[in-house]
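Notes for the structure review
Residue strings, one per chain:
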Amino acid sequence: MKIKLKDAADFVGGVVIGNPNLEISNLAKIEEAKEGDLTFLYLPAYEKFLATTSATAIIIGTEFKKTRNDIAYIEVKNPHAAVQKIISTFLKPKINISGIDTSASIDPSAKIGNNVTIGKNVVISSGCIVGDNSIIHHNSVLMENVKIGTNCLIYPTITIREECIIGNNVIIHSNTCIGSDGFGYLPDSKGVYEKIPQVGNVVIEDDVEIGSNVSIDRAALGSTIIKKGVKIDNLVQIAHNVVIGEHTAIAAQAGISGSTKIGKNCMIAGQAGFVGHIEVSDRVIVGAQSGVSKPISKPGKYRGSPADDMATQLRTEAHLRNITSYVEKIKKLEEKIASLERKFNDLPESKGN
């Protein structure tokens, strides 16, 4: 990456404050940036590094003070978006494999599209369909009758089990399993668990990105569905027959139990958990480590376990944190009441009655 500051500013729609002809060669975090680097500031927590950064230039929001004259600035309304645009254009990772490696095992009945790249030791079983311009990295396994759309990127050591369907422009990161058996068992009269066959599949629609070490279980019947534009972080568990609505984002270590339906444009924070067979409205935000134990019918922010409206839950949590002092206050009030009762009982009028 080598670009003049004025060109970078034009590219992200910013205004240069300082020398527009400075050349930058790298993008770095503000606390680690060196001379020649472009850095960025969009969170107040990192403003403390502005005084000490060695960066040549900084992408900065309009709300921050430009306190140094020895570095240049690109001032923008949305630094986060500007940084993402630069990364996506100038720093996008390069894919080094090309063609179909001779060690790949591809069933003759599989249909491979144009310009498909398949790495070492990939196994593609019978009846698979892979669309144009997709990349399947080393040691991945595609089982019977899998369908993968165009422009997909399948990183190393992925398993996509039988009958699963992957849409277009999908990215799946390493060690993820699509279509593992759902957790379906039924105890018999002796309490011995019998396995319920999981004969459905997983459908992943277009423009989805799935992190590493994610398990998405196949449906018992029908389909587990990840809808268009969903983004899933690492270490997420999605159980059988779950439906995730369009453009929902799920952070690491979240777990969604069977047959639960999550709406569109939701945000699920890390380690949140959902019981099975409930529905969650569109545009719901669920805070970290929350436990969602009942349906959520209205858009809004929720947190806690059991999850509740965020404002209500924060007030409840504040009271819980002060419960020790509340206990002491109640004890003192009880002592005062008891003292007043004794005094009242000692009054002559009280004795006369």
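Structure: above.
Residues numbered from 1 in each chain as written. Predicted model: local features only at pLDDT ≥ 70, side-chain atom pairs only at ≥ 80, totals over all residues. Heavy atoms only, no water.

What follows covers the sheet that holds strand S28 (residues 237–238). One key point about sheets: their strands pair by backbone hydrogen bonds, in either a parallel or an antiparallel sense. The parallel open sheet is built from 10 strands, whose spatial order is S8-S11-S14-S17-S20-S25-S28-S31-S34-S37. In this open sheet, the two edge strands, each paired with only one partner strand, are strand S8 (105–106) and strand S37 (291–292). Both strand S17 (residues 159–160) and strand S20 (residues 177–180) contribute to a ladder of two bridges, which runs parallel. Bridge pairing links Ile160 to Ile178 in S20. (Pairing = 2+ DSSP bridges. Helix = DSSP H or I, 4+ residues; strand = E, 2+ residues; numbered from the N terminus.)

Bringing the nonpolar core into the picture now. Ranked by internal contacts, the top residues of the largest apolar core, which has 51 residues, are Ile160, Ile178 and Ile232. In this structure Ile178 touches Thr159, Ile160, Arg161, Cys164, Ile166, Ile172, Val202, Ile204, Ile210 and Ile216, once residues within four positions along its chain are discounted. Core analysis: the second largest hydrophobic core is formed by 17 residues, Ala9, Ala72, Val76 and Ile86 among them. (Core = buried A, V, L, I, M, F, W, Y, C linked by side-chain atoms within 4.5 Å. Buried < 20%, exposed > 50% of the residue type's maximum accessible area, 1.4 Å probe, protein only. Contact = heavy atoms within 4.5 Å.)

The subject of this paragraph is the pattern of salt bridges. One pass over the structure, following the stated rule, counts 10 salt bridges. Among the salt bridges present, the one from Asp70 reaches Arg68, with a minimum N-O distance of 2.8 Å. Salt bridges linked by common partners bring Arg161, Glu162, Asp181, Lys195 and Arg218 together as one network. (Salt bridge = Lys/Arg side-chain N within 4 Å of Asp/Glu carboxyl O.)

The terminal C-alpha atoms of helix H2 (residues 79–90) lie 16 Å apart, and with 12 residues this matches the ideal 16 Å at 1.5 Å per residue to within 8%. Taken together, the buried positions of H2 are occupied by Pro79, Ala82, Val83 and Ile86. Projected down its long axis, H2 shows its buried positions confined to an angular sector of 100°, all on one face. (Expected span 1.5 Å × (residues − 1). Arc of directions from axis to C-beta.)

On to the packing of aromatic side chains, then. Per the stated rule, a full pass over the model turns up four aromatic pairs. Here Phe183 and Tyr185 contribute two aromatic rings whose centre-to-centre distance is 5.2 Å and whose plane-to-plane angle is 70°, an arrangement assigned as edge-to-face. With a relative accessible area of 70%, Phe183 lands in the exposed category. A cation over an aromatic ring shows up here: Lys85 above the ring of Phe11, its NZ or CZ 4.8 Å from the ring centre. (Phe/Tyr/Trp six-rings, centres within 6.5 Å; stacked < 30°, edge-to-face > 60°. Lys NZ or Arg CZ within 6 Å of the ring centre and 35° of its normal.)

Relative to the helices and strands, Leu314 resides in helix H3 (residues 310–321). Linking Leu314 and Arg303, residues 11 residues apart in sequence, is a C-alpha distance of 8.3 Å.

Quick look at the side chain of Ser212 now. Summarising the element assignment, Ser212 is placed in the loop between strand S24 (209–210) and strand S25 (215–217). When neighbours within four sequence positions are excluded, Ser212 is seen to be in contact with His173, Ser174, Thr176, Asn234 and Leu235.

Before going further, it helps to examine the pairing of strand S7 (residues 72–76). Burial runs high along S7: four of the five residues are buried. Sheet topology places strand S2 (residues 15–17) next to S7; three bridges connect them, and they run antiparallel. Following the sheet pairing, Val15 is matched in S7 by Glu75. Relative to S7, strand S6 (residues 57–61) runs parallel, the two being bridged by five bridges. Its bridge partner being in S7, Gly61 is matched across the sheet by Val76.

To continue, consider the pairing of strand S23 (residues 201–204). Here S23 shows no split at all, with Asn201 and Val203 on one side and Val202 and Ile204 on the other all buried. The pairing of strand S18 (residues 165–166) with S23 spans two bridges and is classified as parallel. Bridge pairing in S23 places Ile165 opposite Val203. Where S23 lies against strand S26 (residues 223–226), four bridges are found, and the strand directions are parallel. When the bridges of S26 are listed, Val202 appears paired with Thr224.

These values are about where atoms sit, not about what they do.
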